[in-house]
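A closer look at the structure
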Amino acid sequence: MKFGVVVFPGSNCDLDAYHLVRDVLYEQVEYIRYDVHSLGNYDLIILPGGFTYGDYLRSGAIAARTPVIGAVKDFAGRGGLVLGICNGFQVLTEAGLLPGALYRNDNLQFRCRQVYVRVENAGLPFTRASSRGDLLKMPVAHGDGNYYAPPGLLRELEEKKQVVFRYADQSGELTARANPNGSVDNICGVSNRTGNVLGLMPHPERAAQKALGSADGLVIFESVAEYFKSREVQGGA
Amino acid sequence: MPEQEHDCKHRHEQQHDRDKIWRKLGLTDREYSMIVGQLGREPNAVELNMYSVMWSEHCGYKHSKSSLKLFPTGGPRVVQGPGENAGVLDIGDGYAAVFKIESHNHPSAVEPYQGAATGVGGILRDIFTMGAQPIAFLNSLRFGPLEDDHSRYLFDGVVSGIGGYGNCVGIPTVAGEIYFEPCYRGNPLVNVMCVGVMPLERMVLGKACGIDNLVVLAGARTGRDGIHGVTFASEVLSDQSEEDRPAVQVGDPFLGKLLIDATLEAVDNKLVAGVQDFGGAGLTCALTETASRAGTGLEIELEQVPLREEGLQPFEILTSESQERMLFIVDPKNLDALEEVFRRRELQLSVLGRVTGDGIVVVRHQGEIVAAVPAESVAGGCPAYEPQSKEPAYYREQVSFDPLALPAAADFGRSLLELLASADIASKEAVWQRYDYMVRTCTVQGPGGDAAVVRLRESGRALAMTVDGNGRHTYLDPYLGGMLAVAEATRNLSCTGAEPIGITDCLNFGNPEKPEVFWQFREAVKGMAEACRVLEVPVVGGNVSFYNEVGGEAIFPTPVVGALGLLDSADQQCTVGFCREGDLICLLGPVKVAFGGSQFLKNTYGKVAGKPADIDLTMEKNMQSLLRRLIKAGLVSSAHDLSDGGLAVALAESCLSGKIGAVLDMPLSDHTALELFGEGPSRALIALDGTIIDRVLNLAESAGVSLIQLGRVGGDMLLIRSGGDTIVNLELDEIKKAYEEVF
């Protein structure tokens, strides 16, 4: 597999995504600059975390207007897999590739801590190696992670199974205490209608080795690998 | 300041007014005559401004230079000691660690968010200026009691500012300490440390070498922020200090991040001959220090400095402390390549001038020479004072205070809960959750332990790091307090298994012109130096912050030690939490403790008094070395330094961290409270598999270090018995509630 990691000015988890792919997944990986107008051949594009353009405007708003986003939209339009983590999720909502918006945390403070994430839709290329209801321990680290969608949109997201992850407690309950930022219905990850673009606030790339406190985040990348393997098998048949 | 220019032209008539100028700029009459002597003439107003910022206490170390010479600064690992932007230590495999701590106390007192944020940005630049990739931040903070609204405002602003800059720039904040005392109410302490790593051969110095090389400015435009910030930092704070907010700089972490990446790429590609960041004293410092270190001169065109607004006077451009600016010394043939590196990040470069051979920094503005000063004189010519020193009256009184004469505590469980719930000891998780301590995915031990551990992708090794200081101890006995600070910092490293390899210090004191304050300073430095010598840890850099006073009241003398340790492998690290049911709990190190300056005395009796327990530095060294050997051999399952709150607090912390209880039998004692809550150095709480206890006892005996078995890990209570009595009997949930619900 070949991964592309988009680097905007101010991205700072690009390195972590890069090392995850190269040193943990042992797959190919390349950085992609924010000012390119087209993308090469990649199996998965990662929009990493960070503070693009300092997030001095709304988080992700300026990055969403850089040339590479046009290329990412084309790539996603052709069914390519796009994963936005933290600031990358914010960029994808600002770019209109994902529904909803990410507000300032309800406690008005940056939060960096381990959370439990419950898998709500295990049928996506990003989650197929997990099961619905699985709990993944992953860290969050953000100031603007308070997911919001208006009631009508929320219903739609539920119906189309676009809510992929929710904050839960250790026993899988969706409590207010488990929710680090006030996100509506504890939502922390959503996909587009076709399921090939996923954004989430928690950091799976920071939960990919036991030495870092958890390896639960790996399931997302194992799912992607499984997805491509199954396509190969189908293609072969 | 047109009046000043005018003055220069009419020097003789206006002599009287000019007197006021150097005094207003913080220089004494004697210092002014020295300037005239070194310059061979009277300085003009621009030159006087340059001298005044560089000869400020902050830049010139006038009152500390002679004492700082006491520190041992050499050793087999030392690549660069004090005097450069940061210290450099060889960490093997062709790599070096670069680290330094710095204070931003005064700016944080008047503008907590920006004061703290620019403190982070400033120390960050010191690290990547040397060619190192920053890998971690640490901080040491002091505030007034949180019941005080203003203290709470400062506390919240400082924490937000540290996170605001560090999180955005993408370097994890991995460890820190926070204490609260009334003496820091108007003058908080904000000390920030940064650690970086680089291949040894990549090191670049802040030297303007190579005649005809270009002097190039990169980064932010220059504005009026932070003008004379160093002068502001070299005075005591007053009621009017809040009006000095313009002396506080404003940070831009986004630009800071771009500058790190561009600078490191330029250094990697060998495009720069020298690098210097803009810190205190701005352009003046960057120019005169780089020239002075190389023994060269510079010719500078001031109009080439990009300005944020029109109309800045030459002295303003020269002393502005606008953030996120870098100075490069560049061979002309590399300029295009350097511009390309910066252009790719949408950053501009400005060529300010060139390196000359005559040792003079010549500054032109609109065709006229506005300053021509010898670099060596401005950067290094300021006097070193030997201030008067006098033992303060309080010292003898405190030492003779006997805390054991106080009425004994009756309910030890209650005392423990109160200690755990005190702001000094209670869990700071609510604070460090506001810092990204994981970005770069190398933090293998984050905040909350004895020291943080950051793995090195390059070599597989790991660096342990910590900041420690105890103002109470140093106040009560500065010499002993200095020794204790170094001992505790290195012990914290040893508790993770790491070998201490060097320290950086931040010396926070009051007005050194007061003999009592200077005595505290001198004694503390002597104590630190002695501990460094015996423990074999060189001091490779640091910072002195004087004039930490409000209304004539100085803070507790507060030396803060930032220490760095090396682990052969990240897998070898040890943590503080009990983790195995049935493990034996042992106390490693001497049993001698005292209540002097203890948290127990402060909590229970509201007193900061008495003498802290003495330290035997050789014992400290043996104990740490034994502890590291035990950890490396995999013989212990946890290790926790005993410090504030003594044995009982350490036990509770090890239980909470491991989410498991403990049952202990204390040896009978005349003074149980002292056994439980007394504080003393050279001690750690370890847990180990009972089947290997004889082996560990033998090792301890041959090392000459005491090892006492206290009890076992297990259950969901902390149960402490003494003789036949149960003296502490607490549910873990109860302990957790006390410890974790303060912030």
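Note that the coordinates shown come from a computational prediction; the quantities given were computed from them, not determined experimentally.

Looking now at the overall build of chain B. Each helix and strand in chain B was counted, giving 27 helices and 28 strands. In terms of overall size, chain B behaves like a compact globule, its C-alpha atoms giving a radius of gyration of 26 Å where 743 residues would be expected to give roughly 27 Å. Across its three principal directions, the C-alpha atoms of chain B cover 90 × 55 × 40 Å. Counting across all 743 residues of chain B, residues that qualify as buried make up 61%.

Turning our attention to the overall build of chain A. When its secondary structure is counted, chain A shows 5 helices and 11 strands. Relative to the globule expectation of 18 Å for 237 residues, the C-alpha radius of gyration of chain A, 16 Å, shows essentially globular dimensions. Dimensions along the principal axes, computed over C-alpha positions, put chain A at roughly 45 × 40 × 40 Å. In chain A, which comprises 237 residues, the share counted as buried stands at 54%. Long-range pairs, those at least 24 residues apart, make up 76% of the contacts in chain A with a sequence separation of at least 6.

Residue and element names in this part refer to chain B. A sheet is described by the order of its strands in space; here 7 strands give the open sequence β8-β10-β7-β11-β9-β12-β13, paired in mixed fashion. Of all the strands in the sheet, the pair left with one neighbour each is β8 (274-277) and β13 (368-374). On average, adjacent strands in this sheet sit at an angle of 20° to one another, irrespective of strand direction. With 4 bridges joining them, strand β9 (residues 297-301) and strand β11 (residues 349-356) adopt antiparallel strand pairing. Bridge assignment links glycine 297 to a residue of β11, and that residue is threonine 356.

Moving on, we come to helix α14 (residues 335-343) of chain B. Residue and element names in this part refer to chain B. For α14, the full list of buried residues reads Leu338, Val341 and Phe342. Within α14, the buried residues cover an arc of 95° as seen down the axis, which keeps them to one side. Of the exposed residues in α14, the ones pointing more than 90 degrees away from its buried face are Asp336 and Arg343.

So, about the nonpolar core. Among soluble globular proteins, nonpolar side chains are generally buried collectively. Residue and element names in this part refer to chain B. One finds Met54, Val272, Met465, Val486 and Ala652 to be the most contacted residues of the largest nonpolar core, which totals 324 residues. In terms of residue count, helix α21 (residues 515-535) provides more of this core than any other element does, 11 residues in total. In contact with methionine 465, not counting residues within four places along its chain, are Ala136, Leu138, Val174, Ala175, Val195, Ala451, Ala452, Ala563 and Leu564.

Two orientations exist for strands paired in a sheet by backbone hydrogen bonds: parallel and antiparallel. All names here are of chain B. Taken together, the 7 strands give an open sheet; going across it, the order is β23-β25-β22-β26-β24-β27-β28, and neighbouring strands pair in mixed fashion. A strand with exactly one partner marks an edge of an open sheet, and here the two such strands are β23 (638-641) and β28 (725-731). Averaged over all adjacent pairs, the angle separating strand axes in this sheet is 20°, with direction ignored. For strand β24 (residues 662-666) and strand β27 (residues 717-722), the ladder comprises 5 bridges, and the chain directions are parallel. Bridge pairing in β27 links aspartate 665 to arginine 721.

With that settled, consider unusual backbone geometry. Residues and elements named next belong to chain B. Even without glycine at this site, tyrosine 61 takes up a positive phi of about 50°. Tracing the sequence through the fold places tyrosine 61 in the loop between α5 (57-60) and α6 (65-68). With a phi close to 50°, glutamine 366 is a non-glycine residue in the positive phi region. Mapped onto the fold, glutamine 366 is located in the loop between β12 (360-365) and β13. By C-beta crowding, glutamine 366 is classed as exposed, having 9 other C-beta atoms within 10 Å.

Each side of the interface is counted separately: chain A has 23 residues, and chain B has 21 residues. When residues of the side of chain A that touches chain B are traced back to their parent elements, those giving at least two are α1 (14-24), β6 (111-119) and β7 (135-142) of chain A. Of the residues contributing to the side of chain A that touches chain B, the split by class is 12 nonpolar, 6 polar and 5 charged.

Residue and element names in this part refer to chain B. Secondary-structure assignment places glycine 122 in helix α8 (residues 112-129). As for glycine 122 and glycine 251, which are separated by 129 residues in sequence, their C-alpha atoms are 9.2 Å apart. Once residues lying within four places of it in the same chain are set aside, the contact partners of glycine 122 are Glu102 and Gly279.

Here the focus is the packing of helix α20 (residues 478-496) of chain B against helix α23 (residues 617-632) of chain B. Between two packed helices, what matters for the description is the angle formed by their axes and the separation of those axes. Residues and elements named next belong to chain B. One way to put it is that α20 packs onto α23 with a least axis distance of 9 Å and a crossing angle of 10°. When the axis of α20 is compared with that of α23, the two are roughly parallel. Contact residues: α20 offers Met483, Ala487, Thr490, Arg491, Ser494 and Cys495, while α23 offers Leu617, Glu620, Gln624, Leu627 and Arg628. The residue makeup of the contact of α20 with α23, split by class, is 5 nonpolar, 3 polar and 3 charged.

Below, the discussion takes up the confidence of the model for chain B. Looking at chain B as a whole, its pLDDT mean stands at 93, while 97% of the residues score no less than 70. Contacts from residues 1-13 of chain B, a stretch scored under 50 in pLDDT, to residues over four places away or in other chains number 12 contacts.

Let us look at the packing of α8(B) against helix α9 (residues 149-169) of chain B. Residues and elements named next belong to chain B. Here α8 crosses α9 at 40°, and the two axes come no closer than 7 Å. In this structure, α8 meets α9 at a crossing whose hand is right-handed. Residues Pro112, Tyr113, Gln114, Gly115, Ala116, Ala117, Val120, Gly121 and Leu124 of α8 form the contact with α9, whose participating residues are Leu154, Gly157, Val158, Ser160, Gly161, Ile162, Gly164, Tyr165, Gly166 and Val169. Here the contact of α8 with α9 is built from residues that sort into 11 nonpolar, 8 polar and no charged.

This paragraph deals with the environment of Ile692(B). Following the sequence through the fold, Ile692(B) ends up in the loop between β25 (684-688) and α26 (693-703). The exposure class of Ile692(B) is partly exposed, given the 16 C-beta atoms found within 10 Å.

Quick notes on the rules
- Residues numbered from 1 in each chain as written.
- Chains lettered and ligands numbered in written order.
- Predicted model: local features only at pLDDT ≥ 70, side-chain atom pairs only at ≥ 80, totals over all residues.
- Helix = DSSP H or I, 4+ residues; strand = E, 2+ residues; numbered from the N terminus.
- Rg over C-alpha atoms; globule rule 2.2 N^0.38 Å.
- Buried ≥ 20, exposed ≤ 12 C-beta atoms within 10 Å, placed from the backbone.
- Contact = placed C-beta atoms within 7 Å.
- Pairing = 2+ DSSP bridges.
- Axes fitted to C-alpha atoms, helices over the stretch in contact; angles between N-to-C directions.
- Arc of directions from axis to C-beta.
- Core = buried A, V, L, I, M, F, W, Y, C linked by C-beta atoms within 7 Å.
- Nonpolar A, V, L, I, M, F, W, Y, C, P; charged D, E, K, R; others polar.
- Parallel < 35°, antiparallel > 145°, perpendicular 65-115°, else oblique.
- pLDDT = per-residue confidence, 0-100.
- Left-handed = near helix turned anticlockwise from the far one by under 90°.

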